[in-house]
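# Structural characterization, general
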Amino acid sequence: MTGAVFRPHPVLIEIGVSSLHALRGDDGLEVPLTRQHNGRLTGPCKEQVTAALRELLARKTWPFRLRAYCAIAANGVSIRRIGVPPAAADQLDGVLRLQIESQFPLAPDELAWGSRRLNEKGVHSATAHQQVLVVAVKKDVIDEYAKLLGDCGLEPVFTVAALARGLLCSEQSGSCAMLNVGRTQSEWVSFENDVPTGVRVFPWSAEALSASDGAWDAVSSALRGKWSGKIVYLTGAGEAKDNVALQVPRHLGAGIQCRPIQVAAAPGRTAAVLGLKKCIEQIGVQLPPVLKTRTHTEQAKLDWSAPALRKWAIAVAFLLVLVLTLPYAEALLLKPFLARRMTVLKAGLGRLATIDQELGFLQFMKQNQPPYLDALYLMAQSAPPGARLESLTMSRRGEVALRGSMRNSQEVGEFRAKLIKSGFFSEVSVDEQVPTQQQKVNVRMTAQWKPAEARELLSIGPTAEELAKAKNEPKK
Amino acid sequence: MRPLTPQEKRTLRLGAIGVGVYLLLFGGVQLWRMLERRRSDYQTLVTQAQALKADLGLYETKTLVVGKLMKDYHLDPGKLARATVVAQASAAIQEAAMAGGIPITAVRESPTRSSGKELASMQIEAAGPVPAAMGLLARLQTLGYPVLIDSVQLTPQPNPPGMVKLNMTLVVLDFEQWKKKEAAHE
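Read on for a plain summary of the structure. (Residues numbered from 1 in each chain as written. Chains lettered and ligands numbered in written order. Predicted model: local features only at pLDDT ≥ 70, side-chain atom pairs only at ≥ 80, totals over all residues.)

### Topic: the packing of helix H11 (residues 307-347) of chain A against helix H1 (residues 6-73) of chain B
For the pair H11(A) and H1(B), interaxial distance at closest approach is 9 Å and the crossing angle is 40°. Taken together, the axis directions place H11(A) and H1(B) in an arrangement best described as oblique. Judged by the twist between their axes, the crossing of H11(A) over H1(B) is left-handed. Taking contact as the criterion, the partners of A:Pro327, A:Tyr328, A:Ala331, A:Leu332, A:Lys335, A:Leu338, A:Ala339, A:Met342 and A:Leu345 in H11(A) are, on H1(B), B:Leu35, B:Arg38, B:Arg39, B:Asp41, B:Tyr42, B:Leu45, B:Val46, B:Gln48, B:Ala49 and B:Leu52. Of the residues contributing to the contact of H11(A) with H1(B), the split by class is 14 nonpolar, one polar and four charged. (Axes fitted to C-alpha atoms, helices over the stretch in contact; angles between N-to-C directions. Helix = DSSP H or I, 4+ residues; strand = E, 2+ residues; numbered from the N terminus. Parallel < 35°, antiparallel > 145°, perpendicular 65-115°, else oblique. Left-handed = near helix turned anticlockwise from the far one by under 90°. Contact = placed C-beta atoms within 7 Å. Nonpolar A, V, L, I, M, F, W, Y, C, P; charged D, E, K, R; others polar.)

### Section: the sheet that holds strand E4 (residues 66-72) of chain A
Residues and elements named next belong to chain A. Spatially, five strands are ordered E3-E2-E1-E4-E8 in an open sheet, and the strand pairing comes out mixed. Looking at which strands have only one partner, the edges of the open sheet turn out to be strand E3 (27-32) and strand E8 (154-160). Taking the axes of each pair of neighbouring strands and ignoring which way they run, one obtains an average angle of 20° across the sheet. Strand direction decides the pairing type here: strand E1 (residues 11-15) and E4, joined by five bridges, are parallel. The residue of E4 that forms the bridge with isoleucine 15 is isoleucine 72. Sitting on the sheet, helix H2 (residues 43-58) touches strand E2 (19-24), E3 and E4, and the angle it makes with E3 is about 175°. The sheet contacts of helix H4 (residues 139-151) involve E1, E4 and E8, and relative to E8 the element is tilted by about 150°. (Pairing = 2+ DSSP bridges.)

### Notes on the interface of chain B and chain A
Each partner contributes residues to the interface: chain B has 40 residues there, and chain A has 35 residues. Residue assignment for the side of chain B that touches chain A shows that the elements contributing at least two residues are H1, helix H3 (130-139), strand E3 (147-157) and helix H4 (175-185) of chain B. No other element matches the 18 residues that H1(B) contributes to the side of chain B that touches chain A. Residue classes in the side of chain B that touches chain A are distributed as 25 nonpolar, seven polar and eight charged. Across four bridges, strand E15 (residues 388-395) of chain A lies against E3(B) in antiparallel orientation.

So far we have only geometry, and geometry alone does not tell us how the molecule works.
This is the structure we're talking about:
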């Protein structure tokens, strides 16, 4: 049910002899038809129909083909009940082909035909054969309409208008008939227990049937012995409907009851169209046999001339070609650009070597820059008050030699301890310590600072507070 | 000319189709091989480009480090001329010493040392106040020349008090040696 909400309204069409009626939702149209001597539609008429249908469809556009249920006039339509040997559903078409071959004047390939099994409902055969209703018409008729509707973007399904009208009958049990009186002709279809038994076309309009008894005589003689029902449903006839309804029992038999079926007069609304509508909208109402072309050769063959199929085939072929050629096209198209870019980049590779050289050189400088100032700062911080420096020598390899004097050996020890504690020196040794008579100790020390990697984590230098104090100190 | 019979027409048609299919297949295979070769070359080129891109990615970091060090030392190795760098460095050192208030008393230059990375060494003697001596030691690294202080000797001077005698041995590095080293690695 959810899907039905989003499904667009199908187009319901009746193609008569002199007019085409179409209904889609509440929108309808009627287009007069002009035909050639052979019954085919004329070129201008086709254009007119196409334009009108496109206008009807253009009111709402859909990205796919709309289904069109199309009821055609009964001209050339043949309805027969055929008994066939029991066959599976998938084999029924093959069996029916043989029967049609033998019973119809045209070969099955030249017909558009549809069928319905009758055994399940209505008439039950006493024999082993199953009864099948076959409805057929010349293939050319359907092909012409199918092409016309296909050009309008529709996907048509064909049936016979007389049978579609039969769906409006309130009671089809027993024997009844339906007479549709049109502008140029009348169609008669008879039913036995809901199964159509025959269809006739009479070349008289409502005016002719109202005015002339001769027309009724011809109808009466044509039906004599072929139909024995008591109810005739009447559709069409326009304003002459009441008159025609009176004529039916008078000419076809006193016991016959004529029941007119009222159809609202509006564009696109005919008895056949409303029958199709009932069939689509109401569950349990079966569509009359659908007329299809089923030739042996064409059944399995795709119709490449169909615009939609051709469009899809072209799209598929294009995508296939694209998939196959894109890798090669990429190589052919992009290789020159890539090669040019690579040449430029390779030309710049020389610069990379220079970067390496400069980096190596600068890193060497950084690693071999001796921390003389750091060492001097630490020694100045560690030296006791009154200490006197006589000579200080430092080398790039980290060797420090110091000569000086301090007040006592305890200060020498403290000085040494502070230097070691700073973490800057890996070893500090007092090479010589000589007390003098002036209450002093002459000292000679050597030290070795740690390698650069080990010194990296040390925080050496004046703190922010010390810097601020130094700035505020008055210059001497 | 005698009109062809349907049988002959059929034979001719089949023959033409056969020849057409053969030519199509033959030409198609040739074309396919050529295209496949081009595609293979292109794939190789793409692989090389990706490898090059990865290499260049590494050099982005190196370039940043080089830029920072050049800024720290005020030094662009590419602009150093081997023939003049010692003279320029010597002049810059003397100028910096004079500007810092520690006049240089002696400069002795000697050619390269054994390590091979050094272009020349200089012995510089100067005397002045302790802050000026410390300032000179700090400024030597940012003069814009590849100068390393090999050794320093500080000797306090009795007169006037607060003066110090500075004896330094400097080495001037030879950037050409790094170029030769890199070339040898390649």
